[in-house]
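Summary of the model geometry
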Amino acid sequence: MLHIIKHPQQLKLVRRYFQAHDSLLLVENAVYLTNPNSPYFTDLQTIKSVYALREDLSARGWLEMCSGSIEQVTMNDFVEMTVNEDKSISWS
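Cut-off values and rules
- Residues numbered from 1 in each chain as written.
- Predicted model: local features only at pLDDT ≥ 70, side-chain atom pairs only at ≥ 80, totals over all residues.
- Heavy atoms only, no water.
- Buried < 20%, exposed > 50% of the residue type's maximum accessible area, 1.4 Å probe, protein only.
- Helix = DSSP H or I, 4+ residues; strand = E, 2+ residues; numbered from the N terminus.
- Pairing = 2+ DSSP bridges.
- Right-handed = clockwise from strand over helix to strand, strands pointing away.
- Core = buried A, V, L, I, M, F, W, Y, C linked by side-chain atoms within 4.5 Å.
- Contact = heavy atoms within 4.5 Å.
- Phe/Tyr/Trp six-rings, centres within 6.5 Å; stacked < 30°, edge-to-face > 60°.

**Comments concerning the pairing of strand β2 (residues 23-26)**
Neither face of β2 is open: one carries S23 and L25, the other L24 and L26, and all of them are buried. Here four bridges tie strand β1 (residues 2-5) to β2, and the two strands are oriented parallel to one another. In the strand pairing of β2, H3 is matched with L24. Traced from β1 through helix α1 (residues 11-17) to β2, the parallel crossover comes out right-handed. Across three bridges, the pairing between β2 and strand β3 (residues 50-53) is parallel. Its bridge partner lying in β3, L25 is registered against Y51.

Here it is in structure tokens:
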């Protein structure tokens, strides 16, 4: 399953339902979680597949602040991810 998080505070809720084979995509304000100084960053490190939408990182001036351990994806990649996953859920 692809979990799409829009706001940083949703990460704790998502973690309750997250399975080992799931993926996590950070969009909108959730991209602020990608900085190693974020209080939630250690939670991201326990997840195998974490992605951040490059367009949202760029819009917030956060491209340089994003950890190298987080894979940046484009909008086209985002569309492809939703097509390739059996299910996706958006956490607002």
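Read on for the rest.
**Things to note about the nonpolar core**
Among the nonpolar cores identified, the biggest contains 19 residues, and I5, L24, L26, L44, V50 and I70 are the most heavily contacted of them. The set of elements that each furnish at least two residues to this core consists of α1, β2, α2 (41-45) and β3. The residues touching I70, leaving out its near neighbours within four places in the chain, are T34, F41, L44, V50, Y51 and A52. Counting nine residues, the second-largest nonpolar core is a separate cluster that includes L2, L53, V73 and F78.

**Details of the packing of aromatic side chains**
Considering all chains together, one arrives at two aromatic pairs under this definition. Ring centres of Y32 and W62 lie 4.9 Å apart, and the angle between their planes is 85°; this geometry places the pair in the edge-to-face category. Highlighted residues: Y32 in the loop between β2 and α2 and W62 in the loop between α3 (54-59) and β4 (71-73), separated in sequence by 30 residues. In this structure Y32 comes out as partly exposed when scored by relative accessible area, which is 33%. Assessed through its relative accessible area of 19%, W62 is described here as buried.

**Here's the deal with the pairing of β1**
A two-sided burial pattern is seen for β1, the buried positions comprising L2 and I4 on one face and H3 and I5 on the other. One ladder, built from four bridges, connects β1 with strand β5 (residues 88-91); its direction is parallel. From the neighbouring strand, H3 faces β5, where its bridge partner is I89.

**Describing the environment of E28**
If you trace the backbone, E28 turns up in the loop between β2 and α2. Expressed as a C-alpha distance, the spacing of E28 and R16, which sit 12 residues apart in the sequence, is 21 Å. Those residues in contact with E28 that lie beyond four places of it in its chain are K6, D56 and R60.

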